[in-house]
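An overview of the molecular structure
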Amino acid sequence: MYTEFLEHLTSFMNQEDIKLNEPMKKHTSFRVGGPAKVFLTVHSEEILSKILLALKERNLPYFVLGNGSNLLVSDSGYEGVMIYLGEEFSDVEVKENRIEAGAAAFLGKVARRALDAGLAGLEFAAGIPGSLGGGIVMNAGAYGGELSQVVTRVRAMNQMGKVVILEKNELLMGYRTSIFKMQPFVVLSVTMELQKGDKEEISAKMKEYTKARIEKQPLEYPSAGSTFKRPKGYFAGKLIMDAGLRGFCVGDAQVSEKHCGFVINKGNATASDIRTLMSEVAKIVKEKFDVELEPEVILLGE
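Presented here is a report on the structure given in the accompanying data block. As the structure is a computational prediction, the values presented were derived from the model and not from experiment.

Broken down by element type, the protein chain carries seven helices and 19 strands. Its C-alpha atoms give the protein chain a radius of gyration of 20 Å, within 12% of the compact-globule value 19 Å for 302 residues. Principal axes of the C-alpha set define a box for the protein chain whose edges measure 55 × 50 × 30 Å. Pairs at least 24 apart in sequence give 65% of the contacts found in the protein chain among residues at least 6 apart. Roughly 14400 Å² of accessible area belongs to the protein chain as shown, and the carbon and sulfur atoms make up 49% of that amount.

A word on empty space enclosed by the protein. In this structure the tally under the stated criterion is one cavity of 30 Å³ or more. Of the volumes computed, that of the largest cavity is approximately 30 Å³. Lining the largest cavity, in full, are Thr227, Phe228, Ile240, Val255, Cys260, Gly261, Phe262, Val263, Leu277 and Val281. Taken together, the elements giving at least two residues each to the lining of the largest cavity come down to β18 (262–265) and α7 (271–289). The residue makeup of the lining of the largest cavity, split by class, is eight nonpolar, two polar and no charged.

Taken together, the five bridges between strand β11 (residues 151–157) and strand β12 (residues 163–167) define a ladder with antiparallel strand orientation. The partner of Ala156 across the bridge, within β12, is Val164. Joining the antiparallel neighbours β11 and β12 is a turn of five residues, in which Gly161 adopts a positive phi near 80°.

Bringing the nonpolar core into the picture now. Counting residues in hydrophobic clusters, the biggest one holds 62 residues, and the most contacted among them are Ile51, Ile83, Leu122, Leu147, Phe180 and Met192. Discounting chain neighbours no more than four positions away, the residues touching Phe180 are Ile136, Val137, Val154, Ala156, Leu166, Leu171, Phe185 and Val187. Core analysis: the second largest hydrophobic core is formed by 27 residues, Ala224, Val255, Cys260 and Ala269 among them.

Moving on to helix α5 (residues 199–216). Its 18 residues give α5 an end-to-end C-alpha distance of 26 Å, which sits within 8% of 26 Å, the value for a rise of 1.5 Å per residue. Within α5, burial applies to Ile202, Ser203, Met206, Tyr209, Ala212 and Arg213. Against the buried residues of α5 lie α3 (107–116), β8 (119–120) and β9 (141–142).

Moving on to the pattern of salt bridges. This model, assessed by the stated rule, comprises 16 salt bridges. Between Glu296 and Arg176 there is a salt bridge whose closest N-O contact spans 3.5 Å. One end of the pair, Glu296, is in the loop between α7 and β19 (298–300); the other, Arg176, is in the loop between β12 and β13 (186–193), with 120 residues separating them in the sequence. Residue classification places Arg176 among the buried positions, given a relative accessible area of 10%. For the salt bridge of Glu294 with Lys229, the shortest nitrogen-to-oxygen distance reads 3.0 Å. Here the residue Glu294 occupies a position in the loop between α7 and β19, and Lys229 occupies one in the loop between β15 (223–226) and α6 (236–242), the gap between them amounting to 65 residues. One salt-bridge network, held together by shared partners, links Glu4, Glu57 and Arg58.

This part is about the sheet that holds strand β17 (residues 253–255). Spatially, the four strands line up as an open sheet ordered β15-β18-β17-β16, and their pairing is antiparallel. The sheet is open, and its two edges are formed by β15 and β16 (249–250), each paired on a single side. Bridge count for β16 against β17 is two bridges, and the pairing is antiparallel. Residue pairing across strands places Cys249 opposite Gln254, the latter belonging to β17. Across the face of the sheet, α7 comes into contact with β16, β17 and β18 while running at roughly 30° to β17.

The next point concerns the layout of surface pockets. There is about 330 Å³ of room inside the second largest pocket. Contributing to the lining of the second largest pocket are 18 residues, with Glu100, Ala101, Arg155, Ser189 and Val190 lying nearest its centre. Counting residues per element, the ones that place at least two in the lining of the second largest pocket are β7 (98–102), β11 and β13. A class-by-class count of the residues in the lining of the second largest pocket yields four nonpolar, five polar and nine charged.

Reading the values: the criteria
- Residues numbered from 1 in each chain as written.
- Predicted model: local features only at pLDDT ≥ 70, side-chain atom pairs only at ≥ 80, totals over all residues.
- Heavy atoms only, no water.
- Helix = DSSP H or I, 4+ residues; strand = E, 2+ residues; numbered from the N terminus.
- Rg over C-alpha atoms; globule rule 2.2 N^0.38 Å.
- Contact = heavy atoms within 4.5 Å.
- Areas by Shrake-Rupley, 256 points an atom, 1.4 Å probe, with all protein chains shown as cover.
- 1 Å grid on protein atoms, 1.4 Å probe; cavity = no way out; pocket = protein on both sides within 12 Å on 5 of 7 lines; lining within 4 Å.
- Points joined across faces, edges and corners; volume = space filled by probe spheres on them.
- Nonpolar A, V, L, I, M, F, W, Y, C, P; charged D, E, K, R; others polar.
- Pairing = 2+ DSSP bridges.
- Core = buried A, V, L, I, M, F, W, Y, C linked by side-chain atoms within 4.5 Å.
- Buried < 20%, exposed > 50% of the residue type's maximum accessible area, 1.4 Å probe, protein only.
- Expected span 1.5 Å × (residues − 1).
- Salt bridge = Lys/Arg side-chain N within 4 Å of Asp/Glu carboxyl O.
- Axes fitted to C-alpha atoms, helices over the stretch in contact; angles between N-to-C directions.

Set out below in structure tokens:
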């Protein structure tokens, strides 16, 4: 099946954009993960449309990769097709108080463009290390802000390779979720509506958030940010700390001593180390406080 699929791809894709057994540790912020069976870099909506249609016709599994900053791929890798949107999907355009940006644009880049235009509302996103597309899928947020507060429309592509427009009320954005977690759309571009603001105030807020991140988060180690979702009425990091798990290790995976909500790779952790540590932490927190910890990190592979 894959042989015929790969032959089909070469009829409309450049060979250098098709990689086999690509190590995912090169593409995730945890710096772990085995090989993706097929890794495709896509440079246009036309090519993406053909790929999605070919996958649908052959019933092959696929995953759309953003910046890999919220992803844990197993050591055995991913037995499917990894789709990575190239630079052509990273344009950012400002029109009055609106920003239109491609899915591959980094959230930090979009936030800086908002600052340059004197537009307020994206300050929280300045330090989030993900792509805009990945941020939309999980409704990324920090410091009381989240993308659902500013997004008005999303252009996406369905499994048949057709472009669809989803308005704000169709996005079903909630805490770390959206329609894109429920249905297999690929985010192409996003329209956001912001408010005119004072550049100095916007910049000051961004600097304040950046300072807080540096002081409180273990940015010097590979991680995927907050490892667990915030349980209703609690903070995951505090529950983990109160359970006595600060610094708890499995191999080179560790509950950060700086911020217990983060699991870090101290150097040579495997995906299995991280998965085992996450399971142990969730089990102990459940035993001690009867609270379920749900991963915020996407787990991919066996």
